[in-house]
Amino acid sequence: MQTKTLQKEAMTQKKERISGSEAVVRCLLAEGVNILYGYPGGAIMPVYDELFKYRDQIHHVLTRHEQGATHAAQGFARISGKVGVAIATSGPGATNLITGIADAQIDSTPIVCITGQVGSHLLGSDAFQETDIVGISTPVTKWNHQITKASEIPEVFAKAFYIAKSGRPGPVLIDITKDAQFEEFDFSYEKCTGIRSYKPVPTLEPLAVAKAAEIINQAKKPFIVWGQGIILGEAEAELKAVIEKAGIPAAWTILGASALPSSHPLNVGMVGMHGNYAPNKLTNECDVLIAIGMRFDDRVTGNLNTYAKQAKIIHFEIDPAEVNKNVKVDLAVLGDAKESLSQLLPLLKEQDHASWLQKFKDLYQVEYEQIIQNDLYPTKEGLTMGEVLKEINLQTKGQAAIVSDVGQHQMIACRYAEFNQTKSNITSGGLGTMGFALPAAIGAKMAVPEREVVAIIGDGGYQMTIQELGTIFQTRVPVKIVVLNNNFLGMVRQWQQLFFDKRYAATELINPDFVQIAQGYAIKAQKVTKRDDLGKAVQEMMEHEGPYFLEVSVEKEDNVFPMIPTGSSVSDIRLH
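The structure displayed is predicted, hence computed values, not measured ones.

Okay, the packing of aromatic side chains next. Across all of its chains, the model carries 12 aromatic pairs by this definition. Summarising the aromatic geometry, the rings of Phe185 and Phe187 are spaced 6.1 Å apart at their centres and angled 85° between planes, so their arrangement reads as edge-to-face. Of the residues examined, Phe185 reaches a relative accessible area of 7% and is grouped as buried. Relative to Tyr307, the ring of Phe296 lies with its centre 6.0 Å away and its plane at 80°, an arrangement referred to as edge-to-face. Here the residue Phe296 occupies a position in the loop between β12 (288-292) and α14 (298-301), and Tyr307 occupies one in the loop between α14 and β13 (312-317), the gap between them amounting to 11 residues. Residue Phe296 shares its accessibility class with Tyr307, and that shared class is buried. Taken together, the ring pairs connect Phe223, Trp356 and Phe360 into an aromatic cluster. Residue placement shows Arg55 over the ring face of Phe52; its charged tip is 4.0 Å from the ring centre.

Structure representation (structure tokens):
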């Protein structure tokens, strides 16, 4: 009895009477947050007032648009493995976060978004800048919650950070009414370590692991496809050990890129619509397909009716909802990738599937002669996107983090960038968000200032968040920006060329002087139009200590191949 009384007294002594807005900042500090991205407004102003007071402990980055704040938080999270944080006001400020939140949801990125809201007595009255952001964000968040009482803040914030990071990560939104920000209460904070009925990581079943090992050991033509689950689970070393012991060719989805070095002899390239020829083609020839931390996205599978029908399929996955969602599998191994592969490794036989691996090498040679050679070593006058990536590889030795959004430039970056360390491919995968790259690169560089961060962007997507040059101007974050300018919405134009008889409807762009715009933000900039100038320009960019903008004029009507047309089988991948 006396012990319980002492514990109660100790808890009471820890409490401190503060406002809800200060509690928000104290919660962030308790979760180790030292940087966040946002844009102020009336309904979130009390929190901003507290952020000003705590500015020596938390660095608030003023982005130029709320969408930029969420993408910057994503870039921060993806490269650091920590939870990114974005903050905005109510109404349009909150709704401007939605694209980034949706992107984070489908790409399993842990971010916490904080929005201000009108006073609780005004909820439902269509007050100025009132929007039901909880209702709007419900389909694209892992969890969300509206706070109307200051006393709710510590528990909700603790849950938010736990949910965002645990298991399969994702975005969480917290909406706080203005009166809750002003209200005072007795504050204390305790980190969340578990929530009843929420089990983020399934219990690994040893029998399932043993069965997987048995199937893999008997396979003659096994094939691994890994996704971002390897990176999120920090299972890179385990993946490498499994691949090497069992001698299995392995390919990656775009979000799985960089988990295994590009140069690894068993890394056979990228699967998907614009992936490499061999791994796509041979998906329909393997006898065992081992999917690890990937979700069988339609861009990977093509026509589901013809996808790997000849193979036994084993799915290593943390999220039970992904199993048998798109592709029916023969065996599911539910659990954390690191733990699952650790238990699998000692059960595997040492094998050498040399003749099977040779098939991948032979098909790579076909792709090299018909596509890669022309992309990287062109004989035509105009510059290609591929040779720009080749030059960046040369200057960075494959150590840079490459950030891209969506389009031809993204596919070229994923295909040709050399990734020699993990968390090096920061891109918008499932949502395919134009405008992602510039703010995401800002967040990534701020998260790991010791790493070189290069944003590879198309001229279309660049102009969707070009205002974030203002964020670079104000913070002087030394990110390198490369715009591959073909004066087109390139990927849409490619489809129009191939499938719509070259009717280029609303895809040609009349662009401004990008160099002049960058210089207006005091960013060193230049434009390259000739091959002879490319190497020197990239070298100058990489050696420059501050932010740098490089525009490269590339061929207007170059296409990205290989390509699996929509609705086609992976076996029908086109080389031209």
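On domain assignment, one finds that the chain holds domain 1 (15-187), domain 2 (206-360) and domain 3 (377-553). For domain 1 versus domain 3, the distance between C-alpha centres works out to 30 Å. On the domain 3 side, the residues contacting the 23 residues of domain 1 number 29 residues. The junction of domain 1 with domain 3 conceals about 2,000 Å² of combined surface from both sides, 66% of it contributed by carbon and sulfur atoms. Per-residue buried area on domain 1 facing domain 3 is highest for Arg64, Arg78 and Ile79; these three make up 36% of the total on that side.

Right, let's get into the pattern of salt bridges. Per the counting criterion, the structure on display carries 21 salt bridges. Between Lys338 and Glu238 there is a salt bridge; the shortest N-O distance is 3.0 Å. Pair noted here: Lys338 is in helix α15 (residues 337-344) and Glu238 is in helix α12 (residues 236-246), with a separation of 100 residues, a long-range link. You can call Lys338 partly exposed: its relative accessible area is 34%. With a shortest N-O distance of 2.7 Å, Arg415 and Glu367 are connected by a salt bridge. A residue pair is termed long-range when its members are at least 10 positions apart, and Arg415 in helix α18 (residues 408-416) and Glu367 in helix α16 (residues 354-376) qualify at 48 residues. The same class applies to Arg415 and to Glu367, which are both buried.

Time to look at the environment of Gly194. Relative to the elements of secondary structure, Gly194 occurs in the loop between β8 (184-187) and α10 (206-218). Relative accessible area serves as the criterion here: at 44%, Gly194 is assigned to the partly exposed category. A sequence separation of 35 residues divides Gly194 from Lys159, and the C-alpha atoms of the two residues are 8.4 Å apart.

Time to look at unusual backbone geometry. The linkage connecting Phe561 with the following residue, Pro562, adopts the cis geometry, with an omega of 0°. Structurally, Pro562 can be placed in the segment after β20 (548-553). Positive phi is not limited to glycine here, since Phe296 has a value of about 55°. With a relative accessible area of 2%, Phe296 lands in the buried category. Of note, Asn324 is a non-glycine position whose phi angle comes to about 65°, a positive value. Positionally, Asn324 belongs in the loop between β13 and β14 (331-334).

Now for the pairing of strand β7 (residues 171-177). With respect to burial, β7 is a largely interior element, seven of its seven residues being buried. Neither face of β7 is open: one carries Pro171, Leu173, Asp175 and Thr177, the other Val172, Ile174 and Ile176, and all of them are buried. Inspection of the sheet shows strand β5 (residues 111-117) paired to β7 by seven bridges, in the parallel sense. Paired with Ile111 across the two strands is Pro171, which belongs to β7. Relative to β7, strand β6 (residues 143-147) runs parallel, the two sharing five bridges. The residue of β7 that forms the bridge with Gln146 is Asp175. In the classification by handedness, the crossover that spans β6, the intervening helix α8 (residues 153-165) and the parallel β7 is right-handed.

Side chains of strand β15 (residues 401-404) alternate between two faces, with Ala401 and Val403 and Ile402 and Ser404 buried alike. Sheet topology note: the β15/strand β16 (residues 425-427) ladder contains three bridges and is parallel. Within β16, the residue paired with Ile402 across the bridge is Asn425.

Moving on to α8. Compared with the 18 Å implied by 1.5 Å per residue over 13 residues, the 18 Å span of α8 between its first and last C-alpha is a close match. Among the 13 residues that make up α8, 10 are buried, leaving the element largely enclosed by the rest of the structure. Of the residues making up α8, those classed as buried are Ile153, Pro154, Val156, Phe157, Ala158, Ala160, Phe161, Tyr162, Ile163 and Ala164. In the stretch just after α8, Gly167 is the one whose phi turns positive, near 55°.

The next point concerns the sheet that holds β5. In space, the six strands of this open sheet follow the order β3-β2-β4-β5-β7-β6, with parallel pairing throughout. Either end of the sheet is taken by a strand with one partner, and the two such strands are β3 (59-62) and β6. The sheet shows a mean angle of 20° between the axes of neighbouring strands, direction not considered. Contacts from helix α6 (residues 98-106) reach β5 and β7, with the element oriented near 145° to β7.

Another point: the side chain of Asn144. Inspection of the secondary structure puts Asn144 in strand β6. At 3.0 Å, the side chain of Asn144 forms a polar contact with the side chain of Ser137. A polar atom in the side chain of Asn144 sits 3.2 Å from the side chain of Thr138. Discounting residues that sit within four places of it in the chain, Asn144 has contacts with Val134, Ser137, Thr138 and Leu173.

We now examine the sheet that holds β14. Read from one edge of the open sheet, six strands run β11-β10-β9-β12-β13-β14, paired in parallel fashion. Edge positions in the open sheet fall to β11 (267-270) and β14, since each of these has one partner strand only. Strand-to-strand twist of the sheet, defined as the mean angle between neighbouring strand axes without regard to direction, takes the value 20°. With five bridges connecting them, strand β9 (residues 222-226) and β12 associate as parallel partners.

What counts as what
Residues numbered from 1 in each chain as written. Predicted model: local features only at pLDDT ≥ 70, side-chain atom pairs only at ≥ 80, totals over all residues. Heavy atoms only, no water. Phe/Tyr/Trp six-rings, centres within 6.5 Å; stacked < 30°, edge-to-face > 60°. Buried < 20%, exposed > 50% of the residue type's maximum accessible area, 1.4 Å probe, protein only. Helix = DSSP H or I, 4+ residues; strand = E, 2+ residues; numbered from the N terminus. Lys NZ or Arg CZ within 6 Å of the ring centre and 35° of its normal. Domains from an automatic or database assignment. Contact = heavy atoms within 4.5 Å. Buried area = accessible area lost by both parts, 1.4 Å probe. Salt bridge = Lys/Arg side-chain N within 4 Å of Asp/Glu carboxyl O. Pairing = 2+ DSSP bridges. Right-handed = clockwise from strand over helix to strand, strands pointing away. Expected span 1.5 Å × (residues − 1). Axes fitted to C-alpha atoms, helices over the stretch in contact; angles between N-to-C directions. Polar contact = N/O pair within 3.5 Å; in protein donor to acceptor, adjacent residues only side chain to side chain.

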